[in-house]
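Fold and geometry: a report
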Amino acid sequence: MLLPSAKVEILPEIDQDETEFLISQNVSMLEDLLKEIAADQILRAPIVDAQDSNEEPATTPYAEIQLAIEMEPVDDDKSASLRRMQTSVDLPPAVRSELRDFVICIASGYQDNSFHNFQHASHVAHLSNLLIHSMDGGKEDAARVVNDPFVRFAIVLSAIVHDVGHTGVPNSRLAKEDPSLADKYNNKSLAEQNSVDVAWEILMSHSFTNLQYLIFGNSMAKRQQLRQLLVNLVMATDIFDEDLRVLRQLRWEQAASSVNCKATLVMEHVLQTSDVGHTMQSWEIYREWNERLFHEMYAAFRDGRAGTD
């Protein structure tokens, strides 16, 4: 079910003008964060560690979920310096081109669903970015999120890709429609795990080597951190899995004694909140997205993909 890597096209069912606008908005958000990452690389010595192949371990995203993601503390002064430097950093043309092509690839991976579509993903990304900017970076747990451009980039990236490949039905139905996918992912969080694999396969393709180098350079540790952030954040959007609920409860219990546990909670809640953010916005936005969800669910019933109306 994985999409072909780096296939740059846009689904014809999606309104082209709106899609182009959303692509440009998402690219602009990611470019601003990449400029801060580039500024951070200027301020610190290049990170180079042992090189390894680009092959991922033979496991599933579900099995990679961590209780707490290790993150470095970033103080307010350095964060302020990075944001000042951002305005003077120019991204290489090759990076900008690859970033745009990457977002186009992700947009093409979203199906023509009423709710779980590229517009929803863009909405979630925009809200995630707003929430991050509204957070108090003076607290140590939040500082590891707010003050680190690498982490903020990962959050917005995860929001953009979190439903790529979604088929418009819940995981229980998806398991019946695609038994091979259920077997591959042990019948756990099928849509979310598939989204992680689709997005990672595209991002790690040879078509985006310049983009990869700007994000994590020659550091396999930073590359692995990016994947870990992507895994935890996208998997956090499955709020129905019982084992993930138990893990979240354990994370809460350990948060008082672990800054990284608390920071991981903060990140995951940013994405979870943004994913249902339309329920906390204006009546017009609330009604529009609830109506979209109704039409998606009704379409599944009409097409014999749901048992109840």
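Before reading on, note that the structure itself is shown above.
Please read all numbers here as calculations on a predicted model, not as lab measurements.

Relative to the 20 Å expected for 14 residues at 1.5 Å per residue, helix 13 (residues 242-255) spans 20 Å between its end C-alpha atoms, a close match to the ideal helical length. Considered for burial, the residues of helix 13 that qualify are Leu244, Arg248, Arg251 and Ala255. Seen along its axis, helix 13 keeps its buried residues to an arc of 55°; they face one direction. Taken together, the buried residues of helix 13 touch helix 2 (61-64), helix 12 (220-235) and helix 14 (259-275). Residue aspartate 241 occupies the N-cap position of helix 13, its side-chain oxygen lying 3.1 Å from the main-chain nitrogen of aspartate 243.

A word on the layout of surface pockets. Here the largest pocket defines a volume of roughly 1000 Å³. If you go around the largest pocket, you meet 40 residues; those closest to its centre are His116, His166, Val169, Pro170 and Phe240. Breaking the lining of the largest pocket down by element, the ones donating at least two residues are helix 8 (171-177), helix 10 (190-203), helix 14 and helix 15 (283-302). Considered class by class, the residues forming the lining of the largest pocket number 17 nonpolar, 14 polar and 9 charged.

In this section: the packing of helix 10 against helix 12. One way to put it is that helix 10 packs onto helix 12 with a least axis distance of 9 Å and a crossing angle of 150°. In terms of orientation, helix 10 and helix 12 fall into the roughly antiparallel class. As helix 10 runs across helix 12, the sense of the crossing is right-handed. The residues of helix 12 that touch helix 10, namely those facing Glu192, Gln193, Ser195, Val196, Asp197, Trp200 and Leu203, are Arg223, Leu226, Arg227, Leu230, Val231, Val234 and Met235. A per-class count over the contact of helix 10 with helix 12 returns 8 nonpolar, 2 polar and 4 charged.

Definitions and cut-offs
- Residues numbered from 1 in each chain as written.
- Predicted model: local features only at pLDDT ≥ 70, side-chain atom pairs only at ≥ 80, totals over all residues.
- Heavy atoms only, no water.
- Helix = DSSP H or I, 4+ residues; strand = E, 2+ residues; numbered from the N terminus.
- Expected span 1.5 Å × (residues − 1).
- Buried < 20%, exposed > 50% of the residue type's maximum accessible area, 1.4 Å probe, protein only.
- Arc of directions from axis to C-beta.
- Contact = heavy atoms within 4.5 Å.
- Polar contact = N/O pair within 3.5 Å; in protein donor to acceptor, adjacent residues only side chain to side chain.
- 1 Å grid on protein atoms, 1.4 Å probe; cavity = no way out; pocket = protein on both sides within 12 Å on 5 of 7 lines; lining within 4 Å.
- Points joined across faces, edges and corners; volume = space filled by probe spheres on them.
- Nonpolar A, V, L, I, M, F, W, Y, C, P; charged D, E, K, R; others polar.
- Axes fitted to C-alpha atoms, helices over the stretch in contact; angles between N-to-C directions.
- Parallel < 35°, antiparallel > 145°, perpendicular 65-115°, else oblique.
- Left-handed = near helix turned anticlockwise from the far one by under 90°.

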